[in-house]
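Chain residues, written in single-letter form:
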Amino acid sequence: MQSTDRGYFQRRSFDEIMAAMRADCSEAMISHVKLAELHLTRCIGSELVPTDECVDCTLKNICDNA
């Protein structure tokens with residue numbers, strides 16, 4: 001993976017969480033949550049160790065508990 005991948009996955013995961021919160025029905029919310037989880041999994045796996053991007057990441061608490 002490239003060094004820009006982690007930032008991409010962070011943004012996509014955050015965007016999907018926001019979309020889940022705005023969803024009009026439970027089916028849409030579930031789909032957005034699943035996409036957020038997939039992007040977050042890719043973000044966590046994009047590097048073997050946390051980087052500087054992880055320090056200020058909005059999703060850091062989720063990663064720490066994964």
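Residues numbered from 1 in each chain as written. Predicted model: local features only at pLDDT ≥ 70, side-chain atom pairs only at ≥ 80, totals over all residues. Heavy atoms only, no water.

Considering the overall build of the protein chain
Then step 1. Along its length, the protein chain carries 4 helices and 0 strands.
Then step 2. Secondary structure of the protein chain in N-to-C order comes out as α-α-α-α.
Then step 3. Classification of the 66 residues of the protein chain by burial places 26% in the buried group.
Then step 4. When the accessible surface of the protein chain is summed, it comes to about 4,800 Å², and 57% of that surface belongs to carbon and sulfur atoms. (Helix = DSSP H or I, 4+ residues; strand = E, 2+ residues; numbered from the N terminus. Buried < 20%, exposed > 50% of the residue type's maximum accessible area, 1.4 Å probe, protein only. Areas by Shrake-Rupley, 256 points an atom, 1.4 Å probe, with all protein chains shown as cover.)

Some thoughts on the packing of helix H1 (residues 5-22) against helix H2 (residues 26-45)
To characterise two packed helices, one gives the angle between the axes of the helices and the distance between these axes.
Then step 1. Look at H1 against H2: their axes get within 8 Å of each other, and the N-to-C directions meet at 160 degrees. Taken together, H1 and H2 sit at an angle that is classed as roughly antiparallel. Of the two elements, H1 crosses H2, and the hand of that crossing is left-handed. Of H2, the residues touching H1 (which contributes Arg6, Phe9, Gln10, Arg12, Ser13, Glu16, Ile17, Ala19 and Ala20) are Met29, His32, Val33, Leu35, Ala36, His39, Leu40, Arg42, Cys43 and Ile44.
Then step 2. Here the contact of H1 with H2 is built from residues that sort into 11 nonpolar, 4 polar and 4 charged. (Axes fitted to C-alpha atoms, helices over the stretch in contact; angles between N-to-C directions. Parallel < 35°, antiparallel > 145°, perpendicular 65-115°, else oblique. Left-handed = near helix turned anticlockwise from the far one by under 90°. Contact = heavy atoms within 4.5 Å. Nonpolar A, V, L, I, M, F, W, Y, C, P; charged D, E, K, R; others polar.)

Remarks on a nonpolar patch on the surface
Then step 1. A grouping of Met29, Ile30 and Val33 is seen on the molecular surface, where their side chains present a nonpolar patch of about 220 Å² in accessible area.
Then step 2. Judged by relative accessible area, which is 36%, methionine 29 ranks as partly exposed. (Patch = residues over 30% accessible without salt bridge, like charges linked within 9 Å, V, L, I, M, F, W, Y side chains within 5 Å. Salt bridge = Lys/Arg side-chain N within 4 Å of Asp/Glu carboxyl O.)

A short note on the packing of aromatic side chains
Then step 1. This structure, assessed with the given rule, holds 1 aromatic pair.
Then step 2. The interplanar angle of 65 degrees and the centroid separation of 5.4 Å between the aromatic rings of tyrosine 8 and phenylalanine 9 together place this pair among those described as edge-to-face.
Then step 3. Residue tyrosine 8 is classed as partly exposed on the basis of its relative accessible area, which comes to 38%. (Phe/Tyr/Trp six-rings, centres within 6.5 Å; stacked < 30°, edge-to-face > 60°.)

Things to note about the environment of leucine 59
Then step 1. The residue leucine 59 is located in the loop between helix H3 (52-55) and helix H4 (60-64) in this model.
Then step 2. Taking C-alpha positions, leucine 59 is 8.5 Å from leucine 40, a pair spaced 19 residues apart along the chain.
Then step 3. Apart from residues lying up to four places away in sequence, leucine 59 is in contact with Gln10, Ser13, Phe14, Ile17 and Leu40.

A short note on H1
Then step 1. Compared with an ideal rise of 1.5 Å per residue, which puts 18 residues at 26 Å, H1 spans 26 Å between its outermost C-alpha atoms and is within 8% of the ideal.
Then step 2. Turning to H1, its buried residues number three or more, namely Asp5, Arg6, Gly7, Phe9, Gln10, Ser13, Glu16, Ala19 and Ala20. (Expected span 1.5 Å × (residues − 1).)

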